[in-house]
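Here are the chains, one letter per residue:
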Number of protein chains: 4
Amino acid sequence: MTPRYQGIVPPMVTPLLASDTLDLRGLERLVERLISGGVSGIFALGTTGEAPSLSYRLRRELVTHTCRLAAGRVPVLVGITDTSLVESQSLARHAADSGADAVVVAAPYYFPAGQPELHEFLEELLRDLPLPLMLYNMPSLTKTSFSGDLITWALSQQKIIGLKDSSGDLVYFRRMRRLAAAERPDWSFLVGPEELLAESVLLGGHGGVNGGANLNPELYVSLYQAARDGDLPRTRELSARVMDLSESIYHVGRHGSAIIKGLKCSLSLLGVCEDFMAAPFHRFHEAEREIIRARLVQLGLIK
Amino acid sequence: MTPRYQGIVPPMVTPLLASDTLDLRGLERLVERLISGGVSGIFALGTTGEAPSLSYRLRRELVTHTCRLAAGRVPVLVGITDTSLVESQSLARHAADSGADAVVVAAPYYFPAGQPELHEFLEELLRDLPLPLMLYNMPSLTKTSFSGDLITWALSQQKIIGLKDSSGDLVYFRRMRRLAAAERPDWSFLVGPEELLAESVLLGGHGGVNGGANLNPELYVSLYQAARDGDLPRTRELSARVMDLSESIYHVGRHGSAIIKGLKCSLSLLGVCEDFMAAPFHRFHEAEREIIRARLVQLGLIK
Amino acid sequence: MTPRYQGIVPPMVTPLLASDTLDLRGLERLVERLISGGVSGIFALGTTGEAPSLSYRLRRELVTHTCRLAAGRVPVLVGITDTSLVESQSLARHAADSGADAVVVAAPYYFPAGQPELHEFLEELLRDLPLPLMLYNMPSLTKTSFSGDLITWALSQQKIIGLKDSSGDLVYFRRMRRLAAAERPDWSFLVGPEELLAESVLLGGHGGVNGGANLNPELYVSLYQAARDGDLPRTRELSARVMDLSESIYHVGRHGSAIIKGLKCSLSLLGVCEDFMAAPFHRFHEAEREIIRARLVQLGLIK
Amino acid sequence: MTPRYQGIVPPMVTPLLASDTLDLRGLERLVERLISGGVSGIFALGTTGEAPSLSYRLRRELVTHTCRLAAGRVPVLVGITDTSLVESQSLARHAADSGADAVVVAAPYYFPAGQPELHEFLEELLRDLPLPLMLYNMPSLTKTSFSGDLITWALSQQKIIGLKDSSGDLVYFRRMRRLAAAERPDWSFLVGPEELLAESVLLGGHGGVNGGANLNPELYVSLYQAARDGDLPRTRELSARVMDLSESIYHVGRHGSAIIKGLKCSLSLLGVCEDFMAAPFHRFHEAEREIIRARLVQLGLIK
């Protein structure tokens, strides 16, 4: 039994032309870019995909097209995180109908639920869930974390197949992975922050859900492979390049949105897709765009 | 020019029979209870109304029926807070079509937006908004607060008509009210936590959006009037009774959800509506229900 | 049985000439200013007094001189908050030897203690404590709050005589006061944030430990009296003047230290004492000093 | 130029017989245990050493004896973190007089200082500081972090020689290390949480200040060496053993103090030193002590 997902599963940005309007050509180019870059799957409708900012109509449209474009070459995972269980369930059915491989859920993020309440929530979600479920730990945005006791219970649920951890807390990541080690060798433990990809895989993690892989999938795939193979010199070199990208692109804006803005701006400069952002955010102004352009040149991503 | 809303505007609980199923009979009894209790308006789809936990279909259904049942006797305010601007706009149009008086919006609550981003978000929302807008400050759940600078800008927007503040921070409340004093005497400043209703109105606030008014609207209306009229002995007495209710009913459960659970359980015991809760929460078990029953007897609300 | 302290007990700033050097003349003028302004006591070595930033030697020197200068005209309360119980105990003995009336303690503030640990800490502190003890709730700086259960226990300790609450959370303040109402009518409930003095006293609080009273003790004393006497028009007027002072003086700097810097700068401009600040802070630069000067003119405190 | 400190520098627990009473025999055994275990230095008066809970007299006594006992075999680093600069300076002089090698300082931890204020604080501290200074990033307890800009400035100060990072945030650790890479190859970057020792050293960190090294210094030293040498299989094996120790010993109590209590209890069971804890904490009760004993047997540390 090996983990279902190993390697890089990028949290795909959602290409938009305008408010509530998908950039379908951009999406096509982006999906091809990711697959030809060697990714192990595509995670649609995550945080980097601005999922909570999109209308339900557009979320469905995105899922339909992503599954069609991936065409079975790599699995598609669909984020169904929501504050309303009914909407999560509905989106999960749509994902199944579209041919997605699994769904991904973080804690409901308006009311911070207690652990027993999270437990009941997951039980209710699992009932009739048409696809396997990956948990998504994202405490900075959901105001709560999946506790060790909850993960222990989750290990007993065959439909739950892994954990994506975006807490940035590798101690948590390791503690959860240890809980699963004996019982569920098929669970995938994927790390969110790309700056921790090398470390987590060297110590036994299975890969990353890293935003920067939208921009340079080959880099992240190579880093994953080097770390998995225990090639330390190459891991250090590639990990330094990931840090270069992160330091260059993610801190141009002042707010938390700077990461997604930087990614979309970069993809636009690379000719992949538009950089329109869903409210409450807006694309970078020209000044910031020029900074990003200069940095992409430094990174060797554009000339 | 006087504030559009003065007095008690209860954040109405959403009576449910089951998942995604409105308790229409319960809603009817609840609306009558509130109106006959003397409230100055009804706020549907707020935090107490579990709005983020409801499907969009049910949110629309609730708005339609609430407006129909209120029948112009009191204004209906509709919460359109969401993480997706498109969905907020859509719900605002439905509220207008249903005859609501205004809409209410808190900050988008997944990504914590910076103040300039909140500003742009509000500007975009105001464009084509079919109803007046009340701001809703709820930092513990939205992870951000409307800054003084943002409120100063909001005062220049005729379509924005007030602030509901649920921060629990009366210093913030007073600071914002002072900003508006000269420029916008028509703004309504309403306080969320009922334990602060007396204090805020004595010092010039215009009323409260208090969950407990679902249970005992007369009490909150009387307290508002006493404080507005500067009748201190009566204000102290009624405010102590509000504290009695709050202490009795809101702390039976352990998690943040205890307030809404306590309210719904009480309304169920009073025969007003069902106590089904939307996921991720569940109604109280029998043991907690018996505690609530005993406390309602002590409060004189049931025999 | 009436509360031991009622009225305004200013958290006295600590006048300094230079690092580790008391401004003794300034202290003398300040103590006279407070007493002639009608305060009900002086609280030395609180947060506003920069206590944690002072050497132990200087803390002792300050206590000695403050008690000597007050000369029994008003009680002196001495803050003994520390991370080391041994140092708190030692300072308490010095306070008793100097003639202080009571000591004041917040939770130890490096390690955030659990409630049972706070309980044990207070038990250990009470043993051999030579003076009555007032609790000081300051969660933003100590990372913990005294829970209702802990306050309930504290009510059973005759040596504990009240609570100063600087949480800014009037709901907490009211809940704690209700716990004491029947059992300990002698407890003093004093509120920290001056912007909440009016509200808290109108609803039954006993006074304030308000930094602004260093600057204008008469104003705060008058506001306290008006609120205590239920004179609402005068309470509103004086409370608005306190808001004027707060808005004018406390937000000139960008960091949390702005309040103490503003107070000390103002006292210096009034000729009361030097504005030297203990590390890690520094007095305002000339530009900020000029802003403060202009605002003191507007407030009518200087010509 | 190589970093001054590489390897394991344990944050030594402070053996106590009773309140304000050093366990001198225990200290002697502990120092020998650490040195014979191969540590690269001893860090006295850190968080694990309960420094803020100790009287100044005892802190001085501990420094004197630790330096005497180490007798130049390994360098002694002395924590001078305090809320009062005067006390920090005084302790630094005592450390120099006692023969310590360097001092270590975290941000003053009562008032949360802004970055410019922290900058001024460090400048003032450096003036006349008799020993080299290592920065200590501990945001969970000091409420602030050293920003990248501040670290950039610190790199220009020859007297500052490194950073101990206990944030648990390896992204921060890597970002700061990158800042120093070109300019100050002599800086030491040491990581606090032992669960991250392997990861940080594999990617270029210089060692750890890990509490568990009090208990089993050889294990941590071996792990450090394996990671430094790029021996991945051994790193994984030893890192798993560190996780075993951490999971076994640090979570027996419910509060944040559980780690130090677990360490002291273990050392007591091993016959190294007493487990008396400074207020506000207390040693484990018998039930918890038995749990720890059983786990030490499982870990092979006692029979």
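Criteria and thresholds
Residues numbered from 1 in each chain as written. Chains lettered and ligands numbered in written order. Predicted model: local features only at pLDDT ≥ 70, side-chain atom pairs only at ≥ 80, totals over all residues. Heavy atoms only, no water. Contact = heavy atoms within 4.5 Å. Buried area = accessible area lost by both parts, 1.4 Å probe. Salt bridge = Lys/Arg side-chain N within 4 Å of Asp/Glu carboxyl O. Least-squares fit on C-alpha atoms with pLDDT ≥ 70 in both. Helix = DSSP H or I, 4+ residues; strand = E, 2+ residues; numbered from the N terminus. Nonpolar A, V, L, I, M, F, W, Y, C, P; charged D, E, K, R; others polar. Buried < 20%, exposed > 50% of the residue type's maximum accessible area, 1.4 Å probe, protein only. Pairing = 2+ DSSP bridges. Right-handed = clockwise from strand over helix to strand, strands pointing away. Expected span 1.5 Å × (residues − 1). Arc of directions from axis to C-beta. Phe/Tyr/Trp six-rings, centres within 6.5 Å; stacked < 30°, edge-to-face > 60°. Lys NZ or Arg CZ within 6 Å of the ring centre and 35° of its normal. Core = buried A, V, L, I, M, F, W, Y, C linked by side-chain atoms within 4.5 Å. Axes fitted to C-alpha atoms, helices over the stretch in contact; angles between N-to-C directions. Left-handed = near helix turned anticlockwise from the far one by under 90°. pLDDT = per-residue confidence, 0-100. Parallel < 35°, antiparallel > 145°, perpendicular 65-115°, else oblique.

## Some thoughts on the interface of chain A and chain B
Listed per partner, the contact involves 41 residues of chain A and 41 residues of chain B. The junction of chain A with chain B conceals about 3600 Å² of combined surface from both sides, 63% of it contributed by carbon and sulfur atoms. The largest per-residue losses of area from chain A upon contact with chain B belong to A:Tyr110, A:Phe111 and A:Glu117, which jointly make up 21% of the total buried on that side. Taken together, chain A and chain B are joined by two salt bridges.

## Brief notes about the relation of the copies chain A and chain B
Relative to chain B, chain A is turned by 180° and slid 0.0 Å along the rotation axis, the superposed coordinates differing by an RMSD of 0.0 Å. The symmetry that links the two subunits is that of a two-fold axis.

## Section: the interface of chain A and chain D
Counting from both sides, the interface comprises 23 residues of chain A and, opposite them, 23 residues of chain D. Around 2300 Å² of area is buried between chain A and chain D when both sides are counted, 58% of it from carbon and sulfur atoms. The interface formed by chain A and chain D contains six salt bridges. A salt bridge links A:Asp244 to D:Arg178; its shortest N-O distance comes to 2.7 Å. When residues of the side of chain A that touches chain D are traced back to their parent elements, those giving at least two are helix 7 (170–181), helix 8 (197–202) and helix 10 (232–249) of chain A. The element contributing the most residues to the side of chain A that touches chain D is helix 10 of chain A, with seven residues. Tallied by class, residues from the side of chain A that touches chain D come to eleven nonpolar, four polar and eight charged.

## Points about the pairing of strand 6 (residues 102–105) of chain D
Residues and elements named next belong to chain D. Of the two faces of strand 6, both are covered, the one formed by Ala102 and Val104 as well as the one formed by Val103 and Val105. One ladder, built from three bridges, connects strand 5 (residues 76–79) with strand 6; its direction is parallel. Within strand 6, the position partnered with Leu77 by the bridge is Ala102. Of the crossover connections in this fold, the one passing from strand 5 over helix 3 (residues 85–98) to the parallel strand 6 is right-handed. Where strand 6 lies against strand 7 (residues 133–137), three bridges are found, and the strand directions are parallel. Residue pairing in the sheet places Val105 in a bridge with Leu135 of strand 7.

## Side note on the relation of the copies chain A and chain D
Superposition of chain A onto chain D requires a rotation of 180° combined with a translation of 0.0 Å along the rotation axis, giving an RMSD of 0.0 Å. Most of the interface of chain A is mirrored in chain D, where 100% of its interface residues again form contacts.

## Describing helix 12 (residues 286–298) of chain B
Residue and element names in this part refer to chain B. Helix length check: helix 12, at 13 residues, gives a terminal C-alpha distance of 18 Å against a target of 18 Å (1.5 Å per residue), a fit within 8%. Among all positions in helix 12, only Arg289, Ile292 and Leu296 are buried. One side of helix 12 carries all its buried residues, which in axial view fall inside an arc of 60°. Of the residues in helix 12, the exposed ones pointing more than 90 degrees away from the buried face are Ala287 and Gln298.

## Here we look at the packing of aromatic side chains
Tallying each qualifying case throughout the model produces 28 aromatic pairs over all chains. Seen from their ring centres, A:Tyr109 and B:Tyr109 are 5.8 Å apart, and the 40° between their planes marks the pair as tilted. In this pair, A:Tyr109 is assigned in the loop between strand 6 (102–105) and helix 4 (115–126) and B:Tyr109 in the loop between strand 6 (102–105) and helix 4 (115–126), connecting two distinct chains. A residue is classified by how much of its surface remains accessible, and B:Tyr109, at 1% relative accessible area, is buried. A centroid spacing of 5.8 Å and a plane angle of 40° characterise the contact between C:Trp187 and C:Phe189, whose relative ring orientation is tilted. Each member of the pair, C:Trp187 together with C:Phe189, is buried. Through a chain of ring-to-ring contacts, the aromatic side chains of A:Tyr109, A:Tyr110, A:Phe111, A:Phe281, B:Tyr109, B:Tyr110, B:Phe111 and B:Phe281 assemble into a single cluster. Sitting over the ring of B:Tyr56, B:Arg59 keeps its end group 4.1 Å from the ring centre.

## Side note on the nonpolar core
What tends to happen in soluble globular proteins is that the nonpolar side chains get buried as a cluster. Membership of the largest hydrophobic core comes to 464 residues, with the highest contact counts inside it found for A:Leu135, B:Leu135, C:Leu135 and D:Leu135. Contacts of A:Leu135, omitting those with residues within four sequence positions, involve A:Val105, A:Leu122, A:Phe146, A:Ile151, A:Ala154, A:Ile160, A:Gly162, A:Leu163, A:Lys164 and A:Trp187.

## Things to note about the pattern of salt bridges
Considering all chains together, one arrives at 60 salt bridges over all chains under this definition. Between D:Glu50 and D:Lys264 there is a salt bridge, with its nearest N and O atoms 2.6 Å apart. Linking D:Glu50 in the loop between strand 4 (42–44) and helix 2 (56–70) with D:Lys264 in helix 11 (residues 258–269), this pair joins segments that are 214 residues apart in sequence. Taking the relative accessible area as the measure of exposure, D:Lys264 reaches 0% and is therefore buried. Look at the salt bridges and you will find they share partners, linking A:Asp20, A:Arg57 and A:Glu61 into a network.

## Thoughts on the sheet that holds strand 5 of chain D
Residue and element names in this part refer to chain D. Judged by pairing direction, the sheet is parallel, and its eight strands sit side by side in the order 1-10-9-8-7-6-5-4 without closing on themselves. Looking at the sheet topology across the chains shown, the edges are occupied by strand 1 (7–8) and strand 4. Where strand 9 (residues 188–191) meets strand 10 (residues 207–208), two bridges bridge the pair, whose relative direction is parallel. Bridge pairing in strand 10 places Leu190 opposite Gly207. In the packing of helix 2 onto the sheet, the strands contacted are strand 4 and strand 5, and the crossing angle to strand 5 comes to about 170°.

## Here's the deal with the sheet that holds strand 4 (residues 42–44) of chain A
All names here are of chain A. If you walk across this open sheet you meet the eight strands as 1-10-9-8-7-6-5-4, and the pairing is parallel. The open sheet is flanked by strand 1 (7–8) and strand 4, the only strands paired with a single partner. Across five bridges, strand 7 (residues 133–137) lies against strand 8 (residues 160–165) in parallel orientation. Following the sheet pairing, Asn137 is matched in strand 8 by Asp165. Packing against the sheet, helix 7 makes contact with strand 7, strand 8 and strand 9 (188–191), and its axis sits at approximately 175° to strand 9.

## Overview of the packing of helix 9 (residues 217–228) of chain B against helix 10 (residues 232–249) of chain B
All names here are of chain B. For the pair helix 9 and helix 10, the least separation of the axes is 9 Å and the interaxial angle reads 150°. In the crossing of helix 9 with helix 10, the sense of the turn from one axis to the other is left-handed. The segment helix 9 lies against helix 10, with Leu219, Tyr220, Ser222, Leu223, Ala226 and Ala227 engaging Arg234, Thr235, Leu238, Ser239, Arg241, Val242 and Leu245. Along the lines of polarity and charge, the residues of the contact of helix 9 with helix 10 split into eight nonpolar, three polar and two charged.

## Things to note about the confidence of the model for chain A
Across chain A, the average pLDDT comes to 97, with 100% of residues at or above 70. Scored as a whole, the predicted complex attains pTM 0.96, and scored at its interfaces, ipTM 0.95.

## Re the arrangement of the chains
A gap remains between chain A and chain C, which never touch, and the nearest two C-alpha atoms on either side lie 17 Å apart. If you take every C-alpha in chain B and every C-alpha in chain D, the smallest gap between them is 17 Å, and the two do not touch.

## Points about the pairing of strand 8 (residues 160–165) of chain B
All names here are of chain B. Burial runs high along strand 8: six of the six residues are buried. Here strand 8 pairs with strand 9 (residues 188–191) via four bridges, running parallel. Across the sheet, residue Leu163 finds its bridge partner in strand 9, namely Phe189. Handedness of the crossover joining strand 8 and strand 9 through helix 7 (residues 170–181): right-handed.

## Looking at helix 1 (residues 24–36) of chain B
Residue and element names in this part refer to chain B. Helix length check: helix 1, at 13 residues, gives a terminal C-alpha distance of 18 Å against a target of 18 Å (1.5 Å per residue), a fit within 8%. Check the buried side of helix 1 and you find it contacts strand 3 (21–22), strand 4 (42–44), helix 2 (56–70), helix 9 and helix 11 (258–269). A positive backbone phi angle near 95° is found at Gly38, which sits one or two residues after helix 1.

## A closer look at the side chain of B:Ser84
The residue B:Ser84 is located in the loop between strand 5 (76–79) and helix 3 (85–98) in this model. Beyond its immediate chain neighbours, meaning those up to four positions away, B:Ser84 contacts A:Pro52, A:Ser53, A:Leu54 and A:Ser55.

## Here we look at the packing of helix 2 of chain B against helix 3 of chain B
Residue and element names in this part refer to chain B. Relative orientation of the contacting elements helix 2 and helix 3 amounts to 25°, with a least axis distance of 9 Å. Considered as vectors, helix 2 and helix 3 are oriented roughly parallel to each other. Our pair here, helix 2 against helix 3, has a crossing hand that is right-handed. Within the contact between the two elements, helix 2 uses Tyr56, Arg59, Arg60, Val63, Thr64 and Cys67 and helix 3 uses Glu87, Ser90, Leu91, His94, Ala95 and Ser98. By residue class, the composition of the contact of helix 2 with helix 3 is five nonpolar, four polar and three charged.

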